[in-house]
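One-letter residues, chain by chain:
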Amino acid sequence: MRLVLLGPPGAGKGTQASAIVKKYNIPHISTGDILRANIKKGTELGKKAKEYMDKGLLVPDDLVVSIVKDRITGDDCKNGFLLDGFPRTVNQGEALDRELTQMSLKLDRVINIDVEKEVLIERAIGRRICKNCGATYHIKFNPSKEEGVCDICKGELLQRNDDTKETVEKRIEVYIKQTKPLIDYYMEKGLILNVDGSKSIDAIFKEIVKALQ
Ligand SMILES: [Zn+2]
């Protein structure tokens, strides 16, 4: 099963990715994780990527494409893979197609977790994180017993600086602008599987599994 996972920030992509790779016994390939790991290890690739990221720029396509190419030719990808964080643009999507064609492979499905902007904003601005132990809460969906205090360690609960309405809106707008053409690209190829991301984690996963049968 060769899959791509798309969805705006805060759509619950990570949770679904973990469940999908477990179910289908395929590796979860997150380009963000690979880049961060390389930066941490100080590899040549990591150094190159860091230069761009430090300047607040996107890592260029050829660099990301070469990482993905290298990764999907690995032995553990024989049964397939789940790509997360790549492709982001139509250019990257086309590059991925070229690589797969060269390997006589093709994508099976592109899972698109769709969540309305208002829902994403509500999720993000209600999120609270314990200053001490990192436990996460939500003032509406998963509140702590005592307001502003961690159930586990009694630490103070804080809101992340970038979880304000304005920054969340900005993040989503950037995502939509960048990814909409990519969704259209996969739509034309008949690969898109749209999933309603406002449902529960279990319901979303069941919907994905059913569609992949
Ligand atoms: Zn805590």
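Before any of the text, the structure's been laid out above.
The notes below deal with the structure included here. (Residues numbered from 1 in each chain as written. Predicted model: local features only at pLDDT ≥ 70, side-chain atom pairs only at ≥ 80, totals over all residues. Heavy atoms only, no water.)

**A closer look at the overall build of the chain**
Scanning the chain from N- to C-terminus turns up eight helices and eight strands. On C-alpha atoms alone, the chain measures out to a radius of gyration of 18 Å, which is about the 17 Å that the 2.2 N^0.38 rule sets for 213 residues. For the chain, with 213 residues in total, the buried portion stands at 40%. Considering only residue pairs separated by 6 or more positions, the chain has 67% of its internal contacts joining residues 24 or more positions apart. (Helix = DSSP H or I, 4+ residues; strand = E, 2+ residues; numbered from the N terminus. Rg over C-alpha atoms; globule rule 2.2 N^0.38 Å. Buried < 20%, exposed > 50% of the residue type's maximum accessible area, 1.4 Å probe, protein only. Contact = heavy atoms within 4.5 Å.)

**Some remarks on helix H2 (residues 31–41)**
Within the span of H2, buried status applies to Thr31, Ile34, Leu35 and Asn38. Burial along H2 is one-sided: seen end-on, the buried residues are contained in an arc of 95°. Here the buried face of H2 lies against strand E2 (28–30), helix H3 (44–54), helix H4 (61–72) and strand E3 (81–84). Directly beyond the C-terminal end of H2, a positive phi value near 70° is found at Gly42. (Arc of directions from axis to C-beta.)

**Some thoughts on the sheet that holds strand E5 (residues 127–130)**
The antiparallel open sheet is built from three strands, whose spatial order is E6-E5-E7. The open sheet terminates on both sides in strands that have one partner only, identified here as strand E6 (136–138) and strand E7 (157–158). Here three bridges tie E5 to E6, and the two strands are oriented antiparallel to one another. Along E6, the bridge assignment pairs Arg128 with Tyr137. (Pairing = 2+ DSSP bridges.)

**A word on the environment of Pro87**
Within the element layout of this structure, Pro87 appears in the loop between E3 and helix H5 (90–102). If we skip the residues at most four places from it in the chain, Pro87 touches Val4, Leu6, Gln92, Gly93, Leu96, Leu182 and Tyr186.

**Here we look at the pattern of salt bridges**
Evaluated as defined, the whole model comprises 17 salt bridges. Here Asp54 makes a salt bridge to Lys50, at a shortest N to O gap of 2.8 Å. On the criterion of helical spacing, the pair formed by Asp54 and Lys50 is a turn pair, its members being four residues apart in helix H3. Residue classification places Asp54 among the exposed residues on the basis of a relative accessible area of 57%. Classification of Lys50 by relative accessible area gives partly exposed; the value is 38%. Here Glu169 ties to Lys165 by a salt bridge, and the two come within 3.5 Å at their closest N and O atoms. On the criterion of helical spacing, the pair formed by Glu169 and Lys165 is a turn pair, its members being four residues apart in helix H7 (residues 165–188). Take Lys165: its relative accessible area is 41%, and that puts it in the partly exposed class. (Salt bridge = Lys/Arg side-chain N within 4 Å of Asp/Glu carboxyl O.)

**A few points about the coordination of the zinc ion**
Bound to the zinc ion on the protein side are Cys130 (SG), Cys133 (SG), Cys150 (SG) and Cys153 (SG), at distances that span 2.3 Å. With four donor atoms in place around the zinc ion and angles of 97 to 115° between them, the coordination shape is tetrahedral. Here the donor residues of the zinc ion are spaced in sequence according to C-x2-C-x16-C-x2-C. With Cys130 in strand E5 and Cys153 in the loop between E6 and E7, this pair connects stretches of sequence that are 23 residues apart. (Donors = N, O, S within 2.8 Å, 3.2 Å for Na, K, Ca; no water. Tetrahedral: all angles 85-135°; square planar, octahedral: opposite > 155°, others 65-115°.)

**Description of helix H8 (residues 201–212)**
Taking 1.5 Å of rise per residue, the twelve residues of H8 would be expected to cover 16 Å, and the 17 Å separating its terminal C-alpha atoms lies within 8% of that figure. Three or more residues of H8 are buried, namely Ile204, Phe205, Ile208, Val209 and Leu212. Down the axis of H8, the buried side of the element spans an arc of 130°, and every buried residue falls inside it. For H8, the exposed residues set more than 90 degrees away from the buried face come down to Asp202, Lys206 and Lys210. Next to the buried residues of H8 lie strand E1 (2–6), helix H1 (13–24), strand E4 (109–114) and strand E8 (192–196). (Expected span 1.5 Å × (residues − 1).)

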